[in-house]
Amino acid sequence: MKVTLEQKTNESFYHELTYYEPDDTTAKNITNIDIYLEIRDDNGALIKRFTNISNVADGITKTDAVNGVYSISETRENVKQWKTGLAKADIIYNEDREDSTETFYINIIRGVTRV
């Protein structure tokens, strides 16, 4: 399944996600799991890297770790600098081994209205 998120450059970036066990219904405790996410442009250049390593947040916050819930966020000021176009991303969960999600896409488009 191909997932594409829309992101305007005049809006902050925020998504809340849940990590599930392989059965896709039971939430996985992420307290001791490191999480990495990178957004890259169509040429592979890094747009933004988010991490939560040893429970130190850099753009990824474990909001309910026992129930696998975390959020990814970036300010509108920083998103303004993102290159427009179709970007690629995936998420790596690192516990005993690395599990990564399917690649998903972020369509970064220029925001029209300015505040």
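Conventions used here
- Residue positions are given per chain, counted from 1 along the sequence in the order it is written.
- pLDDT decides what is reported in this predicted model: residues at 70 or higher carry local features, side-chain atom pairs at 80 or more are listed and counted, and totals for whole chains, interfaces and linings draw on all residues regardless.
- Hydrogens and water are ignored here; the side-chain numbers use all heavy atoms of the structure.
- Helix and strand assignments follow DSSP, with helices taken as H or I runs no shorter than four residues and strands as E runs no shorter than two, numbered in order from the N terminus.
- For every residue, the accessible area obtained with a 1.4 Å probe (protein chains only) is divided by the maximum for its type, and the residue is called buried under 20%, exposed over 50%, and partly exposed between those limits.
- Aromatic rings from Phe, Tyr and Trp, with only the six-membered ring used for Trp, were paired whenever their centres fell within 6.5 Å, and each pair was classed as stacked if the ring planes differed by under 30 degrees, edge-to-face if by over 60, and tilted otherwise.
- Criterion for a charge above a ring: Lys NZ or Arg CZ within 6 Å of the ring centre, and within 35 degrees of the ring normal.
- Strands pair, by our definition, only if DSSP identifies at least two bridges between them.
- Residues belong to a common nonpolar core when they are buried Ala, Val, Leu, Ile, Met, Phe, Trp, Tyr or Cys residues joined through side-chain atoms within 4.5 Å.
- We call two residues contacting when some pair of their heavy atoms lies within 4.5 Å.
- Note that His is not counted, nor are the chain ends; the positive residues are Lys and Arg, and the negative ones are Asp and Glu.
- Whenever a carboxyl oxygen of Asp or Glu lies within 4 Å of a side-chain nitrogen of Lys or Arg, that contact is scored as a salt bridge.
- What qualifies as a polar contact is a pair of N or O atoms within 3.5 Å, subject to a donor-acceptor requirement within protein and to the restriction that residues adjacent in sequence count only when both atoms come from side chains.

(A) Quick peek at unusual backbone geometry. For Asp 24, which is not a glycine, the phi torsion comes out positive at approximately 60 degrees. Turning to its location among the elements, Asp 24 is positioned in the loop between β2 (13-18) and β3 (34-40). Look at Ser 54: it is not a glycine, yet its phi comes out positive at around 50 degrees. By the element assignment, Ser 54 lies in the loop between β4 (46-53) and β5 (56-58). On the accessibility criterion, Ser 54 (58% relative accessible area) is exposed.

(B) Fine view of the environment of Asn 78. In this fold, Asn 78 is placed in helix α1 (residues 76-79). Residue Asn 78 is classed as partly exposed on the basis of its relative accessible area of 39%. The sequence separation of Asn 78 and Gly 44 amounts to 34 residues, and the corresponding C-alpha distance is 19 Å.

(C) Up close: the packing of aromatic side chains. Taken as a whole, this structure holds 4 aromatic pairs when the rule is applied. Ring centres 5.9 Å apart and planes at 25 degrees place the aromatic pair Phe 13 and Phe 50 in the stacked group. Of the two residues, Phe 13 is situated in strand β2 and Phe 50 in strand β4; the sequence distance between them amounts to 37 residues. Comparing Phe 13 with Phe 50, the two get one shared label, buried. Ring centres of Tyr 70 and Tyr 93 lie 6.1 Å apart, and the angle between their planes is 75 degrees; this geometry places the pair in the edge-to-face category. With a gap of 23 residues between them, Tyr 70 in strand β7 (residues 69-74) and Tyr 93 in strand β8 (residues 85-94) connect regions that are remote in the sequence. Comparing Tyr 70 with Tyr 93, the two get one shared label, buried. Feature note: the residues Phe 13, Phe 50 and Trp 82 constitute an aromatic cluster, connected by ring pairs. Across the ring face of Phe 50, the terminal group of Lys 48 is positioned such that the distance to the ring centre comes to 5.4 Å.

(D) Here's a closer look at the pairing of strand β6 (residues 60-64). Relative to β7, β6 runs antiparallel, the two sharing 4 bridges. Paired with Thr 61 across the strands is Ser 71, a residue of β7. In textbook terms, the turn of a hairpin is the stretch between consecutive antiparallel strands, and for β6 and β7 this stretch comprises 4 residues, one of which, Gly 68, has a positive phi near 75 degrees.

(E) Quick peek at the nonpolar core. Ranked by size, the top nonpolar core spans 22 residues in total, and within it Phe 13, Leu 37, Ile 39, Phe 50, Tyr 70, Trp 82 and Ile 106 carry the most contacts. Looking at this core, the elements that each hand over two or more residues are β3, β4, β7, β8 and β10 (104-109). It is β8 that provides the largest number of residues to this core, a total of 4 residues. Tyr 70 has contacts with His 15, Glu 16, Leu 17, Tyr 19, Ile 30, Ile 35, Ile 60, Thr 61, Lys 62, Thr 63, Ile 91 and Tyr 93, leaving out every residue within four places of it along the chain.

(F) Quick look at the side chain of Asp 34. Inspection of the secondary structure puts Asp 34 in strand β3. Put simply, Asp 34 is tucked away with no salt bridge, and the nearest opposite charge, on Lys 62, sits 5.4 Å away. Within the structure, the side chain of Asp 34 is placed 2.7 Å from the backbone nitrogen of Ser 54, a separation counted as a polar contact. Beyond its immediate stretch of four places on either side in the chain, Asp 34 contacts Asn 52, Ile 53, Ser 54, Ile 92, Tyr 93 and Asn 94.

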